[in-house]
Amino acid sequence: QIKESATLTRDVLEQHFSDLKGTLKKLLDERLMSLLQEVDVIEQESIKPLDECQKLIEHGVSTADDLLREGESAVDGDVGAQNEKLCNFTKKALHIQLDSLPEVPSLVDVPCLSAQLDDCLLTILKNQIFRHGTVASRPPVQLEEFVEKPGGILVRWCKVDDDFIPQDYRLQYRKSTASHFEDVYVGSETEFIVLHIDPNVDYQFRVCARGDGRQEWSPWSVPQIGRTTLVPHEWTAGLEGYSLSSRRNIALRNDSQSCGVLYSKAPTYFCGQTLTFRQVLFGIETVGQPDRRDSLGVCVEQQNGYDSLQRDKAVCISTNGAVFVNGKEMTNQLPAVTSGSTVTFDMEVVQLGPCSNEGGNFKLRVTISSNNREVVFDWVLDQCCGSLYFGCSFSYPGWKVLVF
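- The name an unreviewed UniProt entry assigns to the protein is Cytokine receptor-like factor 3, from the organism Rhagologus leucostigma.
- UniProt lists a comment for the protein under the heading Subcellular location (unreviewed entry), and it reads "Cytoplasm".

And the structure:
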């Protein structure tokens with residue numbers, strides 16, 4: 001573990017600083033090009049009026065030189081030709097302003113370019129570079145526990161650095177055969193149920209944290225292997241009145257007029273596990289119209305012909321919060337099931353043996369929780385049940401339930 005993590009850390013550092021070198025060179029090159037372009041612009045704009053002034057002066061000198069040669073030519077020759085040449089020379093000289101010059105900028109107005117380079121940049125960069133990056137010998141959070149769930153794994157982690165104040169956690173996972181991790185949870189909780197896990201397949205997990213008020217994430221925890229041997233919970237496909245998701249773990253009550261109980265595909269709920277129903281947000285965060293027969297729960301066996309789980313050999317909660325045991329309503333009541341509600345069932349065996357005074361020889365301690373409230377009761381059965389079915393029934397469309 002030490003050698004592997006040290007090798008990985010070296011690779012990360014070398015790659016990071018190599019990227020920094022490339023980025024810094026690119027930024028310096030871009031800044032140099034920007035300054036050179038600025039010099040070109042100032043040079044062109046400043047030298048243009050001086051070039052125009054020089055052209056005017058050269059043109060005036062050339063004109064005066066031509067006029068001088070023409071005057072010398074007029075003096076030479078016979079008298080008649082001289083008079084004509086002198087007349088033309090005089091007219092031409094009167095139209096040419098030899099005593100005018102263009103305005104020449106004063107020396108103080110002429111730009112003189114220079115590069116202003118502040119050496120303190122190197123000092124600033126040096127100080128920042130020598131403070132950039134740290135090597136941590138121990139990540140501030142570590143994975144703590146994996147709990148098998150049907151088609152999922154409950155992952156728990158804990159903080160191991162007392163001086164570290166976490167703001168958020170980030171959990172990643174990958175199949176053991178995959179090359180890249182992917183985010184599965186970001187938040188402030190210290191546990192998360194990862195669903196859509198294939199049974200009997202190894203998955204790698206790792207977690208990191210972000211300190212309070214910080215943007216960067218901490219080093220990753222040591223990757224650990226988790227797996228589940230429990231097959232995922234699935235609803236039975238093909239029942240008129242319900243539409244299922246591709247993984248068959250979400251059931252939607254459609255607008256069919258057919259009524260009945262939708263059961264699980266198999267008895268996949270075992271005592272000692274937690275069975276969770278979650279009312280998935282549907283439409284604009286609404287659920288279907290409630291009915292007193294609507295219910296969510298578990299049962300010993302599938303029994304067709306019923307329109308509710310409020311029957312013998314079943315325990316359930318209705319959408320109005322009433323709890324039914326073997327078809328009889330209990331006095332204790334839970335909050336009503338609404339949009340986003342989560343209902344959980346926990347069971348444990350409390351009696352195995354000969355018939356009791358209550359008429360059964362198999363007793364389960366049942367805990368039903370909903371919206372931070374719970375009821376606990378004993379469910380007496382006349383037969384030993386190693387596994388149970390789960391089910392739901394809704395009379396009106398719009399209800400959408402995830403089970404895990």
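The discussion continues.
### As for the pairing of strand S15 (residues 328-333)
- In terms of burial, S15 is largely open, as just 0 of its 6 residues are buried.
- Connecting strand S14 (residues 322-325) to the next strand, S15, in antiparallel fashion are 2 residues, including Asn326 with a positive phi near 50°.

### A word on the environment of Gly151
- Along the polypeptide, Gly151 turns up in the loop between strand S1 (141-149) and strand S2 (152-159).
- Residue Gly151 is classed as buried on the basis of its relative accessible area, which comes to 5%.

### A short note on the layout of surface pockets
- Looking at the second largest pocket, its volume works out to about 620 Å³.
- Lining the second largest pocket are 17 residues, and of these Arg31, Leu35, Ala115, Gln116 and Leu117 lie nearest its centre.
- Elements that contribute at least two residues to the lining of the second largest pocket include exactly helix H1 (2-75) and helix H3 (120-131).
- Here the lining of the second largest pocket gets 6 residues from one element, more than from any other, and that element is H1.

### Considering the environment of Glu144
- Relative to the assigned elements, Glu144 resides in strand S1.
- Here the alpha-carbon distance between Glu144 and Trp157, two residues 13 residues apart in the chain, equals 4.6 Å.
- Discounting chain neighbours no more than four positions away, the residues touching Glu144 are Arg156, Trp157 and Cys158.

### Focus: empty space enclosed by the protein
- Following the criterion strictly, the structure yields 1 cavity of 30 Å³ or more and no others.
- Its volume calculated, the largest cavity comes out at about 30 Å³.
- The residue makeup of the lining of the largest cavity, split by class, is 2 nonpolar, 2 polar and 2 charged.

### Considerations on the nonpolar core
- Within the largest apolar cluster, 35 residues are counted, with the highest numbers of intra-cluster contacts made by Phe277, Met347 and Trp379.
- Excluding residues that lie within four positions of it along the chain, Met347 makes contacts with Tyr269, Cys271, Gly272, Gln273, Val298, Val315, Leu364, Arg365, Val366, Trp379 and Leu388.
- Of all hydrophobic cores here, the second largest spans 16 residues; its members include Tyr169, Leu171, Tyr203 and Val207.

### Focus: the pattern of salt bridges
- Within the structure shown, the criterion is met by 13 salt bridges.
- Across the salt bridge formed by Arg156 and Glu191, the nearest N and O atoms sit 2.7 Å from each other. Of this pair, Arg156 sits in strand S2 while Glu191 sits in strand S5 (residues 191-195), and the two are 35 residues apart along the sequence.
- Residue classification places Arg156 among the partly exposed positions, given a relative accessible area of 25%.
- Since its relative accessible area comes to 36%, Glu191 is described here as partly exposed.
- In this structure, the salt-bridge partner of Asp183 is Arg170, at a minimum N-O distance of 3.0 Å. Of the two residues, Asp183 sits in strand S4 (residues 182-187) while Arg170 sits in strand S3 (residues 166-175), which places them 13 residues apart along the sequence.
- One network of salt bridges, in which partners are shared, links Glu145, Arg156 and Glu191.

### A short note on H1
- Between the first and last C-alpha of H1 there are 108 Å, a value that for 74 residues agrees with the 110 Å anticipated at 1.5 Å per step.
- Bending of H1 peaks at approximately 30° at the position of Ile47, with proline Pro49 no more than four residues after it.
- Looking only at H1, the buried set comprises Cys53, Leu67, Gly71 and Ala74.

### Brief notes about H3
- For H3, spanning 12 residues, the distance from its first C-alpha to its last is 17 Å, which sits close to the expected 16 Å at 1.5 Å a residue.
- Phi for Gly133, located one or two positions after H3, is positive at around 85°.

### Observations concerning the packing of aromatic side chains
- Throughout the structure, instances matching the rule amount to 11 aromatic pairs.
- With a centroid separation of 5.0 Å and 80° between ring planes, the pair formed by Trp235 and Phe390 is classed as edge-to-face. Pair noted here: Trp235 is in the loop between strand S7 (224-226) and strand S8 (242-244) and Phe390 is in strand S19 (residues 389-393), with a separation of 155 residues, a long-range link.
- The class of Phe390 is buried, set by a relative accessible area of 0%.
- By way of ring pairs, the aromatic residues Phe146, Tyr173, Tyr203 and Phe205 are connected into one cluster.

### Considering the sheet that holds strand S10 (residues 262-263)
- Read from one edge to the other, the open sheet built from 6 strands follows the order S10-S19-S12-S13-S14-S15, with strand pairing classed as antiparallel. Of all the strands in the sheet, the pair left with one neighbour each is S10 and S15.
- Pairing of strand S12 (residues 295-299) with strand S13 (residues 314-318), which is carried by 5 bridges, proceeds in the antiparallel orientation. Note on S13: the bridge partner recorded for Gly297 is Cys316.

### A few points about a nonpolar patch on the surface
- Residues Leu13, Phe17, Leu20 and Val135 make up a contiguous nonpolar surface patch of about 320 Å² in total accessible area.
- On the secondary structure map, Val135 appears in the loop between H3 and S1.
- What makes Val135 exposed here is its relative accessible area of 65%.

### With respect to the sheet that holds strand S6 (residues 203-211)
- With antiparallel pairing, 4 strands are arranged side by side in an open sheet as S4-S3-S6-S7. Edge positions in the sheet fall to S4 and S7, since each of these pairs with one other strand and no more. The average angle at which neighbouring strand axes cross in this sheet is 30°, direction not considered.
- Sheet topology note: the S6/S7 ladder contains 3 bridges and is antiparallel. In the strand pairing of S7, Tyr203 is matched with Gly226.

The rules we used
Residues numbered from 1 in each chain as written. Predicted model: local features only at pLDDT ≥ 70, side-chain atom pairs only at ≥ 80, totals over all residues. Heavy atoms only, no water. UniProt positions renumbered as here; feature names shortened; annotations may be inferred. Buried < 20%, exposed > 50% of the residue type's maximum accessible area, 1.4 Å probe, protein only. Helix = DSSP H or I, 4+ residues; strand = E, 2+ residues; numbered from the N terminus. Pairing = 2+ DSSP bridges. 1 Å grid on protein atoms, 1.4 Å probe; cavity = no way out; pocket = protein on both sides within 12 Å on 5 of 7 lines; lining within 4 Å. Points joined across faces, edges and corners; volume = space filled by probe spheres on them. Contact = heavy atoms within 4.5 Å. Nonpolar A, V, L, I, M, F, W, Y, C, P; charged D, E, K, R; others polar. Core = buried A, V, L, I, M, F, W, Y, C linked by side-chain atoms within 4.5 Å. Salt bridge = Lys/Arg side-chain N within 4 Å of Asp/Glu carboxyl O. Expected span 1.5 Å × (residues − 1). Bend = angle between axes of the 7 residues up to and from the residue. Phe/Tyr/Trp six-rings, centres within 6.5 Å; stacked < 30°, edge-to-face > 60°. Patch = residues over 30% accessible without salt bridge, like charges linked within 9 Å, V, L, I, M, F, W, Y side chains within 5 Å. Areas by Shrake-Rupley, 256 points an atom, 1.4 Å probe, with all protein chains shown as cover. Axes fitted to C-alpha atoms, helices over the stretch in contact; angles between N-to-C directions.

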